[in-house]
Amino acid sequence: MLFNSTEFLLFFIATFAIYCALAPTAPWRFRKLFLLVASLLFYMSWSPPFALLLLGMAVVCFVTGLAVAAASDAVVKRRRVTVGVGASLAILAYFKYRGFLLQNLAFLGVRLDPQLAEILLPLGISFYTFHAISYMVDVYRGRVAAHRNFFDVALYLAFFPQLVAGPITRASQFLPQLASPRRPSAPAAERALMLVALGLFKKVVCADVLGEYVDQVFNALGAQPGVNLALAAYAYAFQIYFDFSGYSDMAIGLAALLGFELPINFRLPYVAENPAEFWRRWHISLSTWLRDYLYISLGGNRRGRGRTYANLMLTMVLGGLWHGPAWNFAAWGTYHGGLLAAHRWWRERHPDSRAGHVRRWRVLVHRLAMFHLACIGWVLFRAKSAGDIAAYCRGLVRSGVVMTPAFTRAAIWTVLAFAVHQLCAERDLARRFLALPPLVQATSYATIAVLVFVFSPATQRFIYFQF
């Protein structure tokens with residue numbers, strides 16, 4: 001069930017109605033159990049057998065937490081958390097990276113049965129694996145207490161608004177919310193409704209319209225002139241932003257309607273002035289997870305300058321491969337690791353370069369430069385092979401332009417997207433919208449509903465569902 005589908009709308013209305021109906025009389029533990037059952041049913045709509053895998057991951061997570069908490073010796077604690085995290089990563093590697101490994105072994109001349117590489121990827125496995133690791137490591141570090149209620153831990157992993165594509169929520173953020181009944185306030189519900197509507201608009205009206213043109217160009221790179229290729233890069237930058245931030249907005253809004261708070265995942269990434277700021281704004285739940293559980297675990301910046309750069313590069317390469325078992329994702333992670341390393345090197349040598357007042361035109365130049373650096377990275381992310389990357393680079397110098405209706409729509413949508421994105425950086429549009437009269441808000445929601453209905457025949461699966 002896609003968030004932008006009629007099936008999910010009916011599912012959520014039924015879930016929300018039953019959840020609210022249980023509130024006056026049913027104990028909180030029953031309402032939590034109902035949410036767990038609803039979450040598993042949501043996941044089973046994609047693939048029923050893999051719901052057992054999700055529960056199996058919850059068992060690993062739960063047992064490891066108790067085992068770590070029961071150990072009094074630091075060495076024993078470390079061994080137990082290592083086993084739990086290792087088991088979770090082994091499950092992820094088997095389903096997500098097995099085929100990639102076997103294909104590369106075949107490239108090196110190792111002959112294996114091709115059927116060994118054919119395996120179905122469980123939906124959302126990358127996200128709920130990171131949830132599980134977060135819980136086990138935080139219990140080990142003493143940041144959260146080991147939960148003795150299995151169903152709470154299972155709900156933490158399976159909670160349906162965040163299950164398929166995040167945001168990646170820490171155990172310390174979610175589990176305390178299960179301690180007492182959740183009841184959204186009227187202002188919270190109003191904001192939640194706005195986020196759901198905004199997310200639908202981003203996905204259906206913005207991302208999918210841009211995606212139509214992006215797919216046309218990247219499926220025929222050899223026949224595209226430079227202008228079309230450049231527009232495709234810009235269009236994809238906003239397609240993936242609207243697609244993923246739209247999902248995140250809906251996830252946060254749907255969770256808020258049920259009384260739960262999920263972390264913010266995007267803060268206008270294309271107004272970033274440098275690579276470090278970009279990653280403080282883009283997919284925040286992933287970038288902070290990589291920082292806290294991978295970069296710091298590798299030693300962070302505590303072991304000398306050379307080791308710091310190596311840790312930074314390794315973190316970003318693995319972050320790229322987290323998105324998928326393909327060399328283009330590794331190249332994308334390496335590219336961003338290089339940008340972060342270069343920025344860190346510059347800041348170390350020019351510590352006062354941003355001290356004092358900075359002229360507005362310099363801010364705009366920095367933002368524009370970082371936006372184009374991000375777009376270069378998105379070409380690596382979107383390309384399916386090294387051949388596609390080479391074909392794209394060769395085509396950029398090809399003169400001419402192919403005018404199609406999709407080209408015109410993509411050009412208009414991209415310009416509008418860039419303008420609105422920059423405007424949002426200057427004004428808190430969400431707060432201003434919620435301050436509008438109810439009639440104006442209702443009219444806006446009705447307009448979004450009409451636009452979603454008009455554009456829904458061309459709707460596509462969320463990009464991050466494949467990760």
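Everything that follows concerns the structure shown earlier in this document.
Now for a look at the structure at hand. (Residues numbered from 1 in each chain as written. Predicted model: local features only at pLDDT ≥ 70, side-chain atom pairs only at ≥ 80, totals over all residues. Heavy atoms only, no water.)

### Observations concerning the overall build of the protein
As a reminder of what qualifies: Elements are defined by DSSP. Helices are runs of H or I of four residues or more, strands are runs of E of two residues or more, and each kind is numbered from the N terminus. C-alpha atoms define the radius of gyration in this analysis, and the globule rule sets the expected value at 2.2 Å times the number of residues to the power 0.38. Burial classes follow relative accessibility: with a 1.4 Å probe on protein chains only, a residue under 20% of its type's maximum area counts as buried, one over 50% as exposed, and anything between as partly exposed. Here, two residues are considered to be in contact whenever any of their heavy atoms come within 4.5 Å of each other. All tallies of charge rest on Lys and Arg as positive and Asp and Glu as negative; His and the ends of each chain are not included. Every charge is mapped onto a representative atom, which is NZ of Lys, CZ of Arg, CG of Asp or CD of Glu.
Counting secondary structure elements, the protein contains 20 helices and 0 strands. A compact globule built from 467 residues should have a C-alpha radius of gyration of about 23 Å, and the protein, at 23 Å, falls within 12% of that. The dimensions of the protein, computed from C-alpha atoms along their principal axes, are 65 × 60 × 60 Å. Counting all 467 residues of the protein, 50% fall into the buried class. For the protein, the share of sequence-separated contacts (at least 6 apart) that also reach a separation of at least 24 residues comes to 77%. Looking at charge distribution, the protein has the averaged site of its 44 positive side-chain charges lying 7 Å from that of its 21 negative ones.

### Regarding the packing of helix α6 (residues 125-141) against helix α13 (residues 284-295)
Each pair of packed helices gets described by two things: the angle between the helix axes and the distance between those axes. Put simply, the rule is: Under this scheme, a helix contributes an axis fitted over its contacting stretch, all axes are lines through C-alpha atoms, and angles between N-to-C directions fall in the 0 to 180 degree range. Orientation labels follow simple angle bins: below 35 degrees gives roughly parallel, above 145 gives roughly antiparallel, 65 to 115 gives roughly perpendicular, and whatever is left gives oblique. Each crossing gets its handedness from the near helix: less than a right angle anticlockwise from the far helix is left-handed, clockwise is right-handed. For this classification, the nonpolar set comprises Ala, Val, Leu, Ile, Met, Phe, Trp, Tyr, Cys and Pro, the charged set comprises Asp, Glu, Lys and Arg, and every other residue, Gly included, is treated as polar.
α13 packs onto α6 with a crossing angle of 40 degrees between their chain directions and a minimal axis gap of 12 Å. By the angle between their axes, α6 is oblique relative to α13. With respect to the hand of their crossing, α6 and α13 are arranged in left-handed fashion. In contact with F130, I133, S134, V137, D138 and R141 of α6, α13 contributes L286, W289, D292 and Y293. For the contact of α6 with α13, the residue count by class is 6 nonpolar, 1 polar and 3 charged.

### Section: the packing of aromatic side chains
For any two aromatic rings, the description comes down to two numbers: the centre-to-centre distance and the angle of the planes. The condition is simple: Here the aromatic set is Phe, Tyr and Trp, taking the six-membered ring for Trp, and pairing holds for ring centres within 6.5 Å; pairs whose planes are under 30 degrees apart are stacked, those over 60 apart are edge-to-face, and all others are tilted. Charge over a ring is defined by NZ of Lys or CZ of Arg lying within 6 Å of the ring centre and within 35 degrees of the ring normal.
Per the stated rule, a full pass over the model turns up 51 aromatic pairs. Ring centres of Y94 and F95 lie 5.1 Å apart, and the angle between their planes is 85 degrees; this geometry places the pair in the edge-to-face category. A residue is classified by how much of its surface remains accessible, and Y94, at 41% relative accessible area, is partly exposed. Over the ring of F30 we find R29; its NZ or CZ atom is 4.9 Å from the centre of that ring. A cation over an aromatic ring shows up here: R31 above the ring of Y19, its NZ or CZ 4.4 Å from the ring centre.

### Overview of the packing of helix α1 (residues 6-22) against helix α2 (residues 28-44)
Contact geometry of α1 with α2 gives a least axis separation of 10 Å together with a crossing angle of 170 degrees. Compared by their axis directions, α1 and α2 come out roughly antiparallel. For the pair α1 and α2, the contacting residues are F8, F11, T15, I18, Y19 and L22 in the first and W28, R31, F34, L35, A38 and F42 in the second. The residue inventory of the contact of α1 with α2, partitioned by class, reads 10 nonpolar, 1 polar and 1 charged.

### Notes on the nonpolar core
Using the following cut-off: Take the buried residues of types Ala, Val, Leu, Ile, Met, Phe, Trp, Tyr and Cys, join any two whose side-chain atoms come within 4.5 Å, and each joined set is a nonpolar core.
Grouped together as the largest cluster of nonpolar side chains are 144 residues, with contacts concentrated most on Y135, F260, Y270, W282, W378 and Y464. A total of 20 residues in this core trace back to one element, the largest contributor, which is helix α11 (residues 226-257). If we skip the residues at most four places from it in the chain, Y464 touches F127, A165, I240, D243, F244, W282, H283, W322, H323 and F381.

### Describing the pattern of salt bridges
For side chains bearing opposite charge, pairing can occur when the charged atoms are close. To keep things clear, this is the line we draw: Salt bridges are identified by distance alone: a Lys or Arg side-chain nitrogen within 4 Å of an Asp or Glu carboxyl oxygen.
On inspection of all chains with the given rule, the structure shows 12 salt bridges. Residue R170 pairs with D292 through a salt bridge whose shortest N-O separation is 2.8 Å. Remark: D292 occurs in helix α13 and R170 occurs in the loop between α8 (160-163) and α9 (171-174); sequence separation between them is 122 residues. Judged by its relative accessible area of 12%, R170 is buried. A salt bridge links R349 to E348; the shortest N-O distance between them is 3.7 Å. Take R349: its relative accessible area is 39%, and that puts it in the partly exposed class. By relative accessible area, E348 is classed as partly exposed at 34%. In the salt-bridge network here, residues are joined through shared partners; they are R305, R344, E348 and R349.

### A short note on the side chain of D138
Mapped onto the fold, D138 is located in helix α6. For the buried residue D138, which engages in no salt bridge, the nearest side chain bearing the opposite charge is R143, 4.1 Å off. The residues touching D138, leaving out its near neighbours within four places in the chain, are R143, V144, S172 and Y293.

### A word on the state of the cysteines
We apply this condition: Only a pair of cysteine sulfur atoms within 2.5 Å counts as a disulfide in this structure description.
All chains considered together, the criterion is met by 0 disulfides. Here C393 is not disulfide-linked; the sulfur of C375 is the nearest cysteine sulfur, at 14 Å.

### Some details on helix α7 (residues 150-158)
Definition in use: Polar contacts here mean pairs of N or O atoms no more than 3.5 Å apart (in protein, one a potential hydrogen donor and the other a potential acceptor; neighbouring residues in sequence count only if both atoms are side-chain atoms).
The buried count for α7 comes to 7 of 9 residues, which makes it a mostly enclosed element. Listing the buried residues of α7 in full gives D152, V153, A154, L155, Y156, L157 and A158. The inward-facing, buried residues of α7 contact α2, α3 (49-70), α6, α8 and α9. A side-chain oxygen of the first residue of α7 lies 2.9 Å from the backbone nitrogen of F151; this N-cap is N149.

### A short note on unusual backbone geometry
Of note in this structure, L268 is not a glycine but carries a positive phi near 45 degrees. If you trace the backbone, L268 turns up in the loop between α11 and α12 (275-281). Located in the positive-phi region is H283, a residue other than glycine, with phi close to 40 degrees. Positionally, H283 belongs in the loop between α12 and α13.

Limitation: the analysis is restricted to geometry and does not speak to function.
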